[in-house]
Amino acid sequence: MQLSDDWRPSATLDVLKQRAALLQKIRQFFAKHDVLEVDTPILSRFGVSDLHLENLSCQLSNFPQRDFHLQTSPEYAMKRLLAAHGQSIYQLGKVFRDDAVGRHHNPEFTLLEWYRINFSMDQLITEVLELLVLVLGERPVMRLSYQQVFEQYLQINPLQASIIELQKCLSRYPHISDLVARESDRDTLLQLAMSIVIEPLFDKKAITVVHSFPASQAALAELNESDVRVAYRFEVYAGGIELANGYQELTDAKQQQARFDQDNRLRSQHNKPQKPVDFRLVQALESGLPRCAGVALGFDRLFMLAENLDDIRQALPFSITCA
Amino acid sequence: MANYSTNEFKAGLKIMQDGEPCNIVDNEVVKPGKGQAFNRVKIRKLISGKVVEKTFKSGDSVEGADVIDVELSYLYNDGEFWHFMNNETFEQLAADAKAVGDMTKWLVEQDTCTLTLWNGNPIAVTPPNFVELEITETDPGLKGDTAGTGGKPATLSTGAVVRVPLFVQTGEVVKVDTRSGEYVSRVQK
């Protein structure tokens, strides 16, 4: 019989040592900033309602009537802690997403998520940059609004352009023109422009922060009260990778319920099963979520950038293909 | 023909695009943390040979192309068509000049070639990696010269022209790599 190497880890020992060192460095960073480490349930009764995210689900023999879901992010549980205790918290743990496997994607990955009480979006962006500089070293920083990014790279205003104008603008790019011609959903066109045209043009040596996303892509971010076309949501990119997504958090329980309902309407339109609304999160917001900002950062991707790895498999002890 | 979802995309899958059968060369999923995922795909059009990039919404489906490769042995050219035969069933297939293209210069009777069929019709012919052909014309070289001095052009029986070492003479059979069009060695008759 031939000996197989299939059992071997996908990361080297040296990489694992560096990975452990980075976990430690991040914990020190938050200890210094007086942010409390928490570990909320990975297995929960409620899943994510976002149209483009899918949970992995399972049954427990003690609760035969219900499905349980592996969390795509610890957001709901962490917000319940924020509402109860009003303390800044972070979590460094595994999350699961039932989607693509690739150079930057593993269905199980480590997410660093943290929430800062009384922080605005801008203050949180500054703290994210502080952590990134600590891990990656000094790098040029680009801090642009979603509108500025579209104006700079596509010469179009994403908040005002009509769908026809968007289609016309994007049809200049041969690798997306077929899709543009048959797509008339505004957010899909904007996301196509962002992911396929604009992001690859960001300076790979720089850290690029894009903030003030359109309200239709607010997710769980608060809308900007002086310009409700945009939300306090930001994304961070470095080295050609999307690293982090953050919000100045929505604290209004009614709006939260409305966004869950909107997610479920979109799910129905796209023939996806509706998701039960996490009523405990809505209750927590009703009891009062303090003004806060939070961000989720892909730990494995940050580690890839820090170590110059070009495939997430090299950053994990065992990737899904040998898990 | 069945449709394929983008989840099934991988290198080698045959799909229809722009009315032409295509081979997926490379497939990359771009999935933002929030929002629509896309598949960025590099495809080779099997008739024009062009390589182009396309983008699909993940979850969309695309018409498959009924494309298969078959191994057939080359029989003869009747002036218009190149005829091939399945050595087991003795079924014959004729490929036109468009399908054969400039591979005609590597077609040797009895050699096994790969024919790419779309809806049963040949759209491409791939000769074996190595063929043996007789030299019909080349300048007489200097006696005693060995390989590696640049060589000289030689016309082969199919019309192909390859560079051969100076010592190789008209009437000799040479082995040629059809992928690079380069001389490999002399063949003892």
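Quick caveat, the model's predicted, so the values are computed rather than measured. (Residues numbered from 1 in each chain as written. Chains lettered and ligands numbered in written order. Predicted model: local features only at pLDDT ≥ 70, side-chain atom pairs only at ≥ 80, totals over all residues. Heavy atoms only, no water.)

1. As for the sheet that holds strand E4 (residues 38-45) of chain B
Strand order across the open sheet formed by four strands is E2-E3-E4-E5 (chain B), with antiparallel pairing between neighbours. Taken across any chain shown, the strands that pair with only one partner, and hence form the sheet edges, are strand E2 (14-17) and strand E5 (51-57) of chain B. Averaged over all pairs of adjacent strands, the angle between their axes in this sheet comes to 45°, without regard to strand direction. Sheet topology note: the E4(B)/E5(B) ladder contains seven bridges and is antiparallel. Its bridge partner lying in E5(B), B:Ile43 is registered against B:Val52. The strands touched by helix H6 (residues 174-182) of chain A are E2, E4 and E5 of chain B; relative to E5(B), the strand with the most contacts, the crossing angle is about 35°. (Pairing = 2+ DSSP bridges. Helix = DSSP H or I, 4+ residues; strand = E, 2+ residues; numbered from the N terminus. Axes fitted to C-alpha atoms, helices over the stretch in contact; angles between N-to-C directions. Contact = heavy atoms within 4.5 Å.)

2. Digging into the sheet that holds strand E12 (residues 130-138) of chain B
Residue and element names in this part refer to chain B. Within the open sheet, the five strands sit side by side as E14-E13-E12-E15-E16. Their pairing is antiparallel. Each of the sheet's edge strands pairs with one partner strand only, and the pair in question is strand E14 (161-164) and strand E16 (182-187). The average angle at which neighbouring strand axes cross in this sheet is 50°, direction not considered. In the sheet, E12 pairs with strand E15 (residues 173-177) via five bridges, with the strands oriented antiparallel.

3. Points about the domain arrangement of chain B
All names here are of chain B. As far as domains go, chain B holds domain 1 (3-63), domain 2 (67-126) and domain 3 (130-186). With six residues of domain 2 at the interface, the matching set in domain 3 holds 10 residues. At the boundary of domain 2 with domain 3, total buried surface from both sides reaches about 550 Å², with 75% on carbon and sulfur atoms. Three residues, Lys105, Trp106 and Val108, lead the burial of domain 2 against domain 3; their summed loss comes to 84% of the area buried on that side. Seen at the junction of domain 2 and domain 3, the total is zero salt bridges. Grouping the constituent residues of the side of domain 2 that touches domain 3 by class yields three nonpolar, one polar and two charged. (Domains from an automatic or database assignment. Buried area = accessible area lost by both parts, 1.4 Å probe. Salt bridge = Lys/Arg side-chain N within 4 Å of Asp/Glu carboxyl O. Nonpolar A, V, L, I, M, F, W, Y, C, P; charged D, E, K, R; others polar.)

4. With respect to the nonpolar core
Residues and elements named next belong to chain A. Judged by nonpolar contacts, the single largest core of 42 residues is most densely connected at Ile26, Leu112, Trp114 and Phe234. Looking at this core element by element, the count peaks at nine residues for helix H3 (residues 121-136). Residue contacts for leucine 112: discarding those within four places in its chain leaves Ile26, Phe30, Tyr90, Gln91, Leu92, Leu131, Val295, Ala296, Leu297 and Phe299. Listed in part, the 28 residues of the second largest apolar core include Tyr146, Leu179, Leu192 and Tyr237. (Core = buried A, V, L, I, M, F, W, Y, C linked by side-chain atoms within 4.5 Å. Buried < 20%, exposed > 50% of the residue type's maximum accessible area, 1.4 Å probe, protein only.)

5. Topic: the UniProt feature "modified residue: N6-(3,6-diaminohexanoyl)-5-hydroxylysine" (unreviewed entry) in chain B
Annotation from UniProt places "modified residue: N6-(3,6-diaminohexanoyl)-5-hydroxylysine" (unreviewed entry) at B:Lys34. Relative to the helices and strands, B:Lys34 resides in the loop between strand E3 (20-30) and E4. Using a relative accessible area of 16% as the deciding quantity, one classes B:Lys34 as buried. Beyond its immediate stretch of four places on either side in the chain, B:Lys34 contacts A:Asp50, A:Leu53, A:Ala219, A:Arg233, A:Glu242, A:Asn245 and A:Tyr247. (UniProt positions renumbered as here; feature names shortened; annotations may be inferred.)

6. Notes on the UniProt feature "domain: Aminoacyl-transfer RNA synthetases class-II family profile" (unreviewed entry) in chain A
Listed under "domain: Aminoacyl-transfer RNA synthetases class-II family profile" (unreviewed entry) in the UniProt record, and renumbered for this structure, are residues 16-317 of chain A. The span residues 16-317 of chain A is 39% helix and 20% strand, and its two end C-alpha atoms sit 7 Å from each other.

7. Notes on the packing of aromatic side chains
Following the criterion strictly, the structure yields 13 aromatic pairs over all chains and no others. A ring pair is formed by A:Phe202 and A:Tyr237, whose centres lie 5.2 Å apart and whose planes are at 55°; its orientation type is tilted. Of the two residues, A:Phe202 is situated in the loop between helix H7 (186-198) and strand E8 (207-211) and A:Tyr237 in strand E9 (residues 233-238); the sequence distance between them amounts to 35 residues. The structure contains a cluster of three or more aromatic residues connected by ring pairs, namely A:Phe29, A:Phe30, A:Tyr90 and A:Trp114. Between the NZ or CZ atom of B:Lys175 and the centre of the ring of B:Phe130, over which it lies, the distance is 4.9 Å. It is B:Arg179 that lies over the ring of B:Phe130; its NZ or CZ is 5.3 Å from the centre. (Phe/Tyr/Trp six-rings, centres within 6.5 Å; stacked < 30°, edge-to-face > 60°. Lys NZ or Arg CZ within 6 Å of the ring centre and 35° of its normal.)

8. A closer look at the side chain of A:Asn157
Residues and elements named next belong to chain A. Position of asparagine 157 among the secondary structure elements: in the loop between helix H4 (146-154) and helix H5 (163-170). Among the polar contacts made by the side chain of asparagine 157, one reaches the main-chain amide nitrogen of glutamine 160 at a distance of 3.3 Å. If sequence neighbours within four positions are ignored, asparagine 157 has contacts with Gln147 and Glu151. (Polar contact = N/O pair within 3.5 Å; in protein donor to acceptor, adjacent residues only side chain to side chain.)

9. Some words on the UniProt feature "domain: Translation elongation factor P/YeiP central" (unreviewed entry) in chain B
Within this structure's numbering, the places UniProt gives as "domain: Translation elongation factor P/YeiP central" (unreviewed entry) are residues 69-123 of chain B. With 7% helix and 49% strand, residues 69-123 of chain B has end C-alpha atoms that lie 10 Å from one another.

10. A look at the domain arrangement of chain A
Residue and element names in this part refer to chain A. For chain A, the domain assignment lists domain 1 (13-140 + 203-315) and domain 2 (151-200). A C-alpha centroid distance of 26 Å is found between domain 1 and domain 2. Between domain 1 and domain 2, the contact holds nine residues from the first and eight residues from the second. Here domain 1 and domain 2 share an interface that buries about 780 Å² over both sides, 51% of which is from carbon and sulfur atoms. When the area that domain 1 buries against domain 2 is broken down by residue, the three leading residues are Gln217, Arg229 and Tyr237, summing to 50%. Here domain 1 is connected to domain 2 by zero salt bridges. Where domain 1 meets domain 2, there are three residue pairs in polar contact (both at pLDDT 80 or more).

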